[in-house]
Structure formats: C-alpha cells, structure tokens
Amino acid sequence: NKKYGHIQGNLILKELGNFLKSNIPEGSFLCRFGGDEFVLLTPYYLEQCSIFTRDLLNRILTHKFCHTVPVFIAAGLAGGRRLSKRPVKDPLKVILNLINIASLESTKAKKEDSCLSVAQTVYINEPA
C-alpha cells in the first residue's frame, strides 16, 4: 500500500484471495482476517498442513500478480497432534487461540526476511 497505493494493494489482496480460494483443500475454510491477512482452517494434521502450506507459498511466489507487483508472503501454522477427539468446552475459544498463535508465528516468519518461511507452533492442550 505504501509503495503502490491502496487501490493496487486491494487489487492484489482480491487476486490473492481468489487464488487461495481456488487452491484450498476440500473441507477447508478460508477468510480474510485483518487487513492483509488470511486465515485458512484445514482438516490436516500439522505435518501435512506444513507440506501443503510450503507448496501453496511456492505457487503464490511464482504467480504473476496484476501489473507484476512483487508480493511478499509469509505463513504461520498452529495445530495439534491429537489423533482422537476430546470434548471441547468452547470450540470458538480454541479456534481463536489457534488463529492468534498462527498470526504471531506469521509475524516471526516475516521478520526472517524470507519470501518462503513457515513457522510452526504445536498446540496440544485446550487453553485454560
């Protein structure tokens, strides 16, 4: 937005949103979350999600965005290793906590100054 303007930035975000929507796994949920961030909830376990995310980031990095504006992207992952279901008292609280953890990890990835950086946090227990 600062270099190319808000109109161009919004066009890029719309194009990125459409790209993501056409490349997400079945059973996933995608939304724009806070300015230039997107949240993708997948049915994958953390390891499979990491592989998918690295592949998706590579495809985004090779995508030619409108007016050939260079796009920097980073991702943060949060998830657990639990193989069986356990009762969750407040699923929304768990989801929001996972989104917050992933957002913080994304910020760490951006600070690494790498176009392709996936930070991972393993989240196993429900927050208190």
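Residues numbered from 1 in each chain as written. Predicted model: local features only at pLDDT ≥ 70, side-chain atom pairs only at ≥ 80, totals over all residues. Heavy atoms only, no water.

### Observations regarding helix α1 (residues 6-21)
If you check α1, its first and last C-alpha atoms are 22 Å apart, about what 16 residues at 1.5 Å a residue would give, namely 22 Å. Restricting attention to buried positions, one finds in α1 the residues Gln 8, Gly 9, Ile 12, Leu 13, Leu 16, Gly 17, Phe 19 and Leu 20. Looking at the packing, one finds that the buried side of α1 touches β1 (29-32), β2 (38-41) and α2 (46-62). (Helix = DSSP H or I, 4+ residues; strand = E, 2+ residues; numbered from the N terminus. Expected span 1.5 Å × (residues − 1). Buried < 20%, exposed > 50% of the residue type's maximum accessible area, 1.4 Å probe, protein only. Contact = heavy atoms within 4.5 Å.)

### Looking at the packing of aromatic side chains
In total, this model carries one aromatic pair according to the counting rule given. An angle of 70 degrees between the planes, with centres 5.8 Å apart, marks the rings of Tyr 44 and Phe 52 as edge-to-face. Overall, Phe 52 belongs to the buried group, its relative accessible area being 11%. (Phe/Tyr/Trp six-rings, centres within 6.5 Å; stacked < 30°, edge-to-face > 60°.)

### Describing the pattern of salt bridges
Between side chains of opposite charge, a pair can form as their charged atoms come close. In total, this model carries two salt bridges according to the counting rule given. Between Asp 55 and Arg 59 there is a salt bridge whose closest N-O contact spans 2.8 Å. With Asp 55 and Arg 59 both in helix α2, this residue pair falls four residues apart, about one helical turn. Using a relative accessible area of 39% as the deciding quantity, one classes Asp 55 as partly exposed. A salt bridge links Glu 105 to Lys 108, with the shortest nitrogen-to-oxygen separation between them at 3.3 Å. Here Lys 108 and Glu 105 lie together in helix α3 (residues 91-111), a separation of three residues that amounts to about one turn. (Salt bridge = Lys/Arg side-chain N within 4 Å of Asp/Glu carboxyl O.)

### Quick notes on the confidence of the model for the protein
Considering every residue of the protein, the mean pLDDT works out to 80; 80% of them sit at 70 or more. The least confident element of the protein is strand β4 (residues 118-122), whose mean pLDDT is 57; the most confident is β1, at 92. In the predicted structure, residues 123-128 sits below a pLDDT of 50 and forms 21 contacts with residues beyond four places in sequence or in another chain. (pLDDT = per-residue confidence, 0-100.)

### Topic: a nonpolar patch on the surface
Judged by side-chain polarity, Phe 29, Leu 41 and Ile 95 come together as a nonpolar surface patch covering roughly 250 Å² of accessible area. Note on placement: Phe 29 falls in strand β1. (Patch = residues over 30% accessible without salt bridge, like charges linked within 9 Å, V, L, I, M, F, W, Y side chains within 5 Å. Areas by Shrake-Rupley, 256 points an atom, 1.4 Å probe, with all protein chains shown as cover.)

### Some details on the environment of Ile 99
Its location among the elements puts Ile 99 in helix α3. Sequence-wise, Ile 99 and Gly 79 are 20 residues apart; in three dimensions their C-alpha atoms are separated by 9.5 Å. In this view, Ile 99 contacts Phe 33 and Val 39; residues no more than four positions away in its chain are not counted.

### Topic: the environment of Gly 35
Tracing the sequence through the fold places Gly 35 in the loop between β1 and β2. Each C-alpha atom of the pair Gly 35 and Leu 13 lies 9.1 Å from the other, and the pair is 22 residues apart in sequence.

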